[in-house]
Amino acid sequence: MVSAQTWTAGASPARAPAVQELRAILAGVPDPEIPAVSVIDLGIVRAIEAQRVVITPTYTGCPATLAIEQSIRAALDSAGLADVAIETALSPPWSTDWISDEGREKLRAYGIAPPPKGAAAASLKNETQAECPRCGSQNTEEISRFGSTPCKALWRCLACAEPFDRFKCH
Amino acid sequence: MHALATHALRLGDDALILGQRLSEWCGHAPALEIDLSLANIALDCVGQATHFLALAGALEGQGRDADRLAFHRDVMDFTNCLLVEQPNGDFAQTIARQFFFAHYQHLLFERMQAVQDERFAAIAAKAVKETAYHAKLAGEWVIRLGDGTEESRARMERGLDWMWRFTGELFAMDEIDSAAIDAGAGVDKAALHPLWDARIGAVLAEAGLAPPAPHRPVLGGRIGRHSEHLGHLISDMQFLQRAYPGATW
Ligand SMILES: [Zn+2]
């Protein structure tokens, strides 16, 4: 990992980046498990200030949490922004409603059914039907509630017979 | 140790030991679906443990972080309840333990997310959604096994019967719990017991299973008096740090 000191050796002195610049850098940091979406798309970035980025974990047990922080750190460091701190906030807890509309479209294009919006609270008792990301059919069934990563469940489309991942409502 | 630090430690130890137990199933569960499920639940538990143990270390103020507390304490220093350290046994026994514990934890976190102390409330609010999943999944398996074949039903009954004696401890209150409530960080666990009974009872009824006969609660985990099983679990979990103290990668 790039240490806080390395970038000062050859280049620019510490500077206060614009929030927009930080946002653009973060929009280029992919989620380590679903590289089709960025940390911005997923709603992991809670606040951006001149010298501070606040992020939040998706799932308590998500093994990618550390990898995400390291990816953001590396992106900031390589942009000469080693002084920008990364903080983690648990509260309020992340929910799938924080995934942006753009993020949802990217998930669908990647073959993952995005969670319906506003469903996070109600999802645990009344599960909504997933829409097949390939053919759009609602004629689908859950195969396994836990899938390849903690955030996904495994579903199957009964119309086109393809299995697919569904981003779990949370 | 300060009462609030002990309170956080207990919550962390419950999650850590259960997470370690569940991870023993990884690659061994009867079907891929449940193998993935148990591994994911184990990850959730270890995640919760990380938060609670980090908080315990901060409250203690002796410079111990979550890893230090997980890997550099001996068996008598662990404060988890006896239920979570029970061996996996067969699959039905694991499901019984998970069923009892997840429903307890879900009720606990439902209340804890509203406590005054923001540090405890934040972790509970984060974890409560996951524990709802855990409770639902375990309940579905209790029904599937209880309402299944003669063999699966007999095993489910044996599993429930074995784990039942350790459930009283979940709701037992002592001076640490009272201090936590006074500090705005704890929950009246005794008050959760009837709610838990109702939730457990509803699932058992659907599974066609009778609630196990009353049993005098087996206590001691909260003050470090554990079954012989915990030492074996810890020797496995802590092997690396015991063999190579301070190892990192
Ligand atoms: Zn389809």
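Residues numbered from 1 in each chain as written. Chains lettered and ligands numbered in written order. Predicted model: local features only at pLDDT ≥ 70, side-chain atom pairs only at ≥ 80, totals over all residues. Heavy atoms only, no water.

S.K.: Explain the overall build of chain B residue by residue, including any values.
M.R.: The secondary structure content of chain B amounts to 11 helices and zero strands. When its helices and strands are written in sequence order, chain B yields α-α-α-α-α-α-α-α-α-α-α. Whereas a compact globule of 249 residues would reach a radius of gyration of roughly 18 Å, chain B reaches 17 Å, a difference of no more than 12%. For the C-alpha atoms alone, the extent of chain B along its principal axes is close to 55 × 40 × 30 Å. Within chain B, the proportion of its 249 residues that are buried is 56%. Once local pairs closer than 6 in sequence are excluded, the contacts in chain B between residues at least 24 apart make up 79%. Of the roughly 10600 Å² that chain B leaves accessible, carbon and sulfur atoms contribute 56%. Computed over 22 positive and 33 negative side-chain charges, the separation of the two mean positions in chain B equals 1 Å. (Helix = DSSP H or I, 4+ residues; strand = E, 2+ residues; numbered from the N terminus. Rg over C-alpha atoms; globule rule 2.2 N^0.38 Å. Buried < 20%, exposed > 50% of the residue type's maximum accessible area, 1.4 Å probe, protein only. Contact = heavy atoms within 4.5 Å. Areas by Shrake-Rupley, 256 points an atom, 1.4 Å probe, with all protein chains shown as cover. Lys, Arg positive; Asp, Glu negative; His and termini not counted. Charge placed at Lys NZ, Arg CZ, Asp CG, Glu CD.)

S.K.: So what about the coordination of the zinc ion? Which residues, and what values?
M.R.: Residue and element names in this part refer to chain A. Donor atoms from the polypeptide that coordinate the zinc ion comprise Cys132 (SG), Cys135 (SG), Cys157 (SG) and Cys160 (SG), at 2.3 to 2.4 Å from the metal. Geometry at the zinc ion is tetrahedral, judged from its four donor atoms and the angles of 104 to 116° they form at the metal. Given a relative accessible area of 43%, Cys135 falls into the partly exposed group. Take Cys160: its relative accessible area is 30%, and that puts it in the partly exposed class. (Donors = N, O, S within 2.8 Å, 3.2 Å for Na, K, Ca; no water. Tetrahedral: all angles 85-135°; square planar, octahedral: opposite > 155°, others 65-115°.)

S.K.: Outline helix α3 (residues 64–78) of chain A, listing residues and values.
M.R.: All names here are of chain A. For α3, with 15 residues, the first-to-last C-alpha span of 21 Å sits near the 21 Å given by 1.5 Å per residue. Regarding α3, the residues found buried are Ala64, Ile68, Ile72, Arg73, Ala75, Leu76 and Asp77. A positive phi of about 75° marks Gly80, the residue just after α3. (Expected span 1.5 Å × (residues − 1).)

S.K.: Can you tell me about the interface of chain A and chain B, naming the residues and giving the values?
M.R.: Note: interface size is frequently given as the accessible area lost on complex formation between the parts. The partner chain B presents 22 residues to the 23 residues of chain A that form the contact. Considering only the surface of chain A that becomes buried against chain B, Thr60, Arg145 and Phe146 of chain A emerge as the three largest contributors, covering 36% of it. Between the two partners, chain A and chain B, sit one salt bridge. Close ionic contact of Glu140 of chain B with Arg145 of chain A constitutes a salt bridge, the shortest N to O distance being 3.2 Å. Between chain A and chain B we count five residue pairs in polar contact (both at pLDDT 80 or more) in total. Split into classes, the residues belonging to the side of chain A that touches chain B amount to 11 nonpolar, nine polar and three charged. (Buried area = accessible area lost by both parts, 1.4 Å probe. Salt bridge = Lys/Arg side-chain N within 4 Å of Asp/Glu carboxyl O. Polar contact = N/O pair within 3.5 Å; in protein donor to acceptor, adjacent residues only side chain to side chain. Nonpolar A, V, L, I, M, F, W, Y, C, P; charged D, E, K, R; others polar.)

S.K.: Describe unusual backbone geometry, and please don't skip the residues or the numbers.
M.R.: All names here are of chain A. The step from Ser91 to Pro92 runs through a cis peptide bond, and the omega angle for that step is -5°. With respect to the helices, strands and loops of the structure, Pro92 is situated in the loop between β3 (85–88) and α4 (101–110). You will see that Ala161, though not glycine, has its phi angle at about 70°, which is positive. Within the fold, Ala161 resides in the loop between β6 (152–157) and β7 (163–167). Using a relative accessible area of 57% as the deciding quantity, one classes Ala161 as exposed.

S.K.: Just give me the short version of the nonpolar core, but keep the residues and values in it.
M.R.: Residue and element names in this part refer to chain B. Within the largest apolar cluster, 78 residues are counted, with the highest numbers of intra-cluster contacts made by Phe99, Phe100, Met112, Phe120, Val142 and Met156. The element best represented in this core is helix α6 (residues 118–146), accounting for 13 residues. Filtering out sequence-adjacent residues up to four positions away, Phe120 remains in contact with Leu4, His7, Ala8, Leu11, Phe52, Leu55, Leu59, Met112, Val115 and Ala185. (Core = buried A, V, L, I, M, F, W, Y, C linked by side-chain atoms within 4.5 Å.)

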